[in-house]
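Observations on the model geometry
Okay, here's what each chain looks like letter by letter:
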Amino acid sequence: MPSIPYRGRFAPSPTGLLHAGSLMTAVGSYLEARRRGGEWWVRMEDLDPPREVAGAADDILRTLEAFAFEWDGEVVYQSRRHHLYQAALQQLIDAGLVYPCSCSRKEITSVASRGVDGYVYPGWCRAGCRSQRASHAWRLRVEEPAVGFVDRLQGPYQQDLPRDIGDFVLLRADGYWAYQLAVVVDDAEQGMSDIVRGADLLVSTPRQIHIQRSLGLSTPTYCHLPLLVNAAGEKLSKQTLAPAIDAADVSRELRLALCRLGHVPPADCQSVAELWQWAKSNWSLARVPAGPCQL
């Protein structure tokens, strides 16, 4: 694809229907792209069939259409891109940067310490698989201690990967690709210059930067938008029983999303078209709060 000044994306997972938190992310990423004269793509991250909800992918797209989002190009489905992930993994295998791991989750959690995002793998299989199980995962070696970046909204962020994360999985033992590898490969292949997404993925970014460096890829600019949380402070998700967006009252839901992102439309903006016109003219990342917003 030809290089452009700005290319962003919205990448929902069809593990449930679009809720108010994911709408906030879609609105923020869309407006940042349009305000900067760039492209905005939609990518369906459908790489975990056991967790996916039948019909959710189509429903998400219908909901985006009901809100009058206009995306560039065709919708990309990760489930159709396995060859790209396999090629990236093979590149890492050839470079000696990954290794097979036969350890089970139960074995790891019985002894491993907790890191910033799960248990820190103790490196048992670095010198060779410690068991003869037929199935195994592929882990990326973590050698670089400090990986950091400056988020456009959250500011400086850094992790000590060996201490905080450990060698992490790129291909699971059940044959499913890990999110961390797939998202890096897709963002690079699609030419994404700027990643605007929810703050729940801030903790994943150092791992993704490590993968980019291991594959010789450039690192895009990152911006992590505030999360929408319930009264208990939990991120809205399928696990916290977040209700689906009410597509019957689009203008109200769009206004709420804008307000939560620090942009309060004037009272005379009533229709969806008027709200989008105002938002595109007035959008500024400087007005967006960094912290979580309560539902």
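First, a word on what this report is: a plain description of the structure on this page. (Residues numbered from 1 in each chain as written. Predicted model: local features only at pLDDT ≥ 70, side-chain atom pairs only at ≥ 80, totals over all residues. Heavy atoms only, no water.)

**Some points on the sheet that holds strand E3 (residues 76-77)**
Strand order in the open sheet formed by three strands is E1-E2-E3, and the pairing between neighbours is parallel. The two strands at the open ends of the sheet, each matched to only one other strand, are strand E1 (7-10) and E3. Two elements, E1 and strand E2 (residues 39-44), share four bridges in a ladder whose sense is parallel. Bridge assignment links Phe-10 to a residue of E2, and that residue is Val-42. (Pairing = 2+ DSSP bridges. Helix = DSSP H or I, 4+ residues; strand = E, 2+ residues; numbered from the N terminus.)

**Observations concerning the state of the cysteines**
By the definition in use, this model includes zero disulfides. Free of any disulfide, Cys-101 has its nearest neighbouring cysteine sulfur in Cys-103, separated by 3.9 Å. For the unlinked cysteine Cys-269, the closest cysteine sulfur is that of Cys-259, found at 11 Å. What makes Cys-269 buried here is its relative accessible area of 9%. (Disulfide = S-S within 2.5 Å. Buried < 20%, exposed > 50% of the residue type's maximum accessible area, 1.4 Å probe, protein only.)

**A few points about the pattern of salt bridges**
One pass over the structure, following the stated rule, counts 20 salt bridges. A salt bridge links Arg-51 to Asp-48; the shortest N-O distance between them is 3.9 Å. Take Arg-51: its relative accessible area is 41%, and that puts it in the partly exposed class. According to the relative accessible area criterion, Asp-48 is buried, its value standing at 15%. (Salt bridge = Lys/Arg side-chain N within 4 Å of Asp/Glu carboxyl O.)

**Focus on the packing of aromatic side chains**
Applying the stated criterion across every chain yields a total of nine aromatic pairs. Taken together, a centroid distance of 6.1 Å and an interplanar angle of 65° make the contact between Phe-149 and Tyr-157 edge-to-face. On the basis of relative accessibility, which here comes to 13%, the residue Phe-149 falls in the buried class. Through pairs of rings, three or more aromatic residues link up here, namely Phe-10, Tyr-30, Trp-40, Phe-69 and Trp-276. Taking the ring centre of Tyr-119 as reference, the NZ or CZ of Arg-114 above it sits at 4.8 Å. Geometry around Trp-124 places Arg-130 over its ring, the cationic atom sitting 4.0 Å from the centre. (Phe/Tyr/Trp six-rings, centres within 6.5 Å; stacked < 30°, edge-to-face > 60°. Lys NZ or Arg CZ within 6 Å of the ring centre and 35° of its normal.)

**As for the sheet that holds strand E10 (residues 168-171)**
Spatially, the three strands line up as an open sheet ordered E4-E7-E10, and their pairing is antiparallel. Every other strand in the sheet has two partners, leaving strand E4 (98-101) and E10 as the edge strands with one partner each. Within this sheet the neighbouring strands show an average axis-to-axis angle of 45°, counted without direction. Here three bridges tie strand E7 (residues 137-140) to E10, and the two strands are oriented antiparallel to one another. Bridged to Trp-138 within E10 is Leu-171. (Axes fitted to C-alpha atoms, helices over the stretch in contact; angles between N-to-C directions.)

**Quick notes on the side chain of Gln-78**
Position of Gln-78 relative to the elements: it lies in the loop between E3 and helix H3 (82-94). Look at Gln-78 and you get buried, because its relative accessible area is 2%. The contact partners of Gln-78, leaving out residues within four places of it in the chain, are Arg-43, Met-44, Glu-45, Asp-46, Leu-47, Tyr-85, Ala-182, Val-183 and Asp-186. (Contact = heavy atoms within 4.5 Å.)

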